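Examination of the molecular architecture
This is what each chain is made of:
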Amino acid sequence: SAVISQKPSRDICQRGTSLTIQCQVDSQVTMMFWYRQQPGQSLTLIATANQGSEATYESGFVIDKFPISRPNLTFSTLTVSNMSPEDSSIYLCSVDHEGYLETQYFGPGTRLLVL
Amino acid sequence: GQSLEQPSEVTAVEGAIVQINCTYQTSGFYGLSWYQQHDGGAPTFLSYNGLDGLEETGRFSSFLSRSDSYGYLLLQELQMKDSASYFCAVREGGANNLFFGTGTRLTVIP
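These notes cover the structure that comes with them. Nothing here was measured: the structure is a model prediction, and the numbers come from that model. (Residues numbered from 1 in each chain as written. Chains lettered and ligands numbered in written order. Predicted model: local features only at pLDDT ≥ 70, side-chain atom pairs only at ≥ 80, totals over all residues. Heavy atoms only, no water.)

Okay, the overall build of chain B next. In terms of regular secondary structure, chain B is built from 0 helices and 11 strands. Listed N to C, the secondary structure of chain B is β-β-β-β-β-β-β-β-β-β-β in terms of helices and strands. The C-alpha atoms of chain B give a radius of gyration of 13 Å, which matches the 13 Å a tight globule of 110 residues would have. Overall size of chain B, expressed as C-alpha extent along the three principal axes, is 45 × 30 × 20 Å. The burial tally for chain B puts 47% of its 110 residues in the buried class. Pairs at least 24 apart in sequence give 57% of the contacts found in chain B among residues at least 6 apart. Surface summary for chain B: the accessible area is close to 5100 Å², and the carbon and sulfur share equals 49%. (Helix = DSSP H or I, 4+ residues; strand = E, 2+ residues; numbered from the N terminus. Rg over C-alpha atoms; globule rule 2.2 N^0.38 Å. Buried < 20%, exposed > 50% of the residue type's maximum accessible area, 1.4 Å probe, protein only. Contact = heavy atoms within 4.5 Å. Areas by Shrake-Rupley, 256 points an atom, 1.4 Å probe, with all protein chains shown as cover.)

Structure representation (structure tokens):
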């Protein structure tokens, strides 16, 4: 199994600012995934990050708002740009298990509150 | 597009058995996964069904019927620590990601 850490674990930000969330995995993985989860809701995929290529964004999410970096096989960042209170959520990164997308390991999440 | 429907809430007694259903509509289908998430925690993988039938992992079992576009998670000998949210998830044909269901909040009572 993969061990995933995220930084920061939580933050309170002012509207209009940006926050970069880091995701570190203890092993090399091909794909990393970024999700958003509103309190009490399901997980919504924001984008898939592959090393050496542009991230693939899901419908409703755009690169200008959620730029993603994937500089190597163990690390990725997600930036939430020009934040508004509607961006208050939990942001989770995940990786698949040895290429099996159906089995994913999740980081502990970043709890973001935008005032 | 895809949709996965689950009951929003289920309550069961400690020591009992509970079944959480998931019906799905997808274009193409690889299989059905189940995840558990405790309040304030990260989702953790429980089970995967790629083929029809029952998969058993300890107290948890998962079932899939492709012809009915239906699956369920069965939890036996319920414990208080099983109180959590449970999500089914599918990988659509041709997709390199998972789509998660609406989630079922399970409350285990003494």
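Additional details are given in the paragraphs that follow.
This structure, assessed with the given rule, holds 2 disulfides over all chains. Each disulfide pairs two cysteine sulfurs, and for Cys23(A) the partner residue is Cys93(A), the sulfurs being separated by 2.0 Å. Disulfide Cys23(A)-Cys93(A): torsion about the S-S bond near 75°, hence right-handed. Separated by 70 residues along the polypeptide, Cys23(A) in strand S3 (residues 19-25) and Cys93(A) in strand S9 (residues 89-97) bring together distant segments of the chain. A disulfide bridge connects Cys22(B) with Cys88(B), and the sulfur atoms are separated by 2.1 Å. In this structure the cystine formed by Cys22(B) and Cys88(B) twists about its S-S bond by roughly 75°; its chirality is therefore right-handed. With Cys22(B) in strand S3 (residues 18-25) and Cys88(B) in strand S9 (residues 84-90), this pair connects stretches of sequence that are 66 residues apart. Each member of the pair, Cys22(B) as well as Cys88(B), is classed as buried. Cysteine Cys13(A) remains unbridged, with the sulfur of Cys93(A) as its closest cysteine sulfur at 17 Å. Here Cys13(A) falls in the buried class, since its relative accessible area comes to 8%. (Disulfide = S-S within 2.5 Å.)

All names here are of chain B. What the 5 strands build is an open sheet, ordered S1-S3-S8-S7-S6; its pairing is antiparallel. Strands with a single pairing partner mark the edges of an open sheet, and in this sheet they are strand S1 (3-5) and strand S6 (53-57). Direction aside, the axes of adjacent strands within the sheet are offset by 15° on average. Here strand S7 (residues 60-65) pairs with strand S8 (residues 70-75) via 6 bridges, running antiparallel. Directly across from Ser65, in S8, lies its bridge partner Tyr70. (Pairing = 2+ DSSP bridges. Axes fitted to C-alpha atoms, helices over the stretch in contact; angles between N-to-C directions.)

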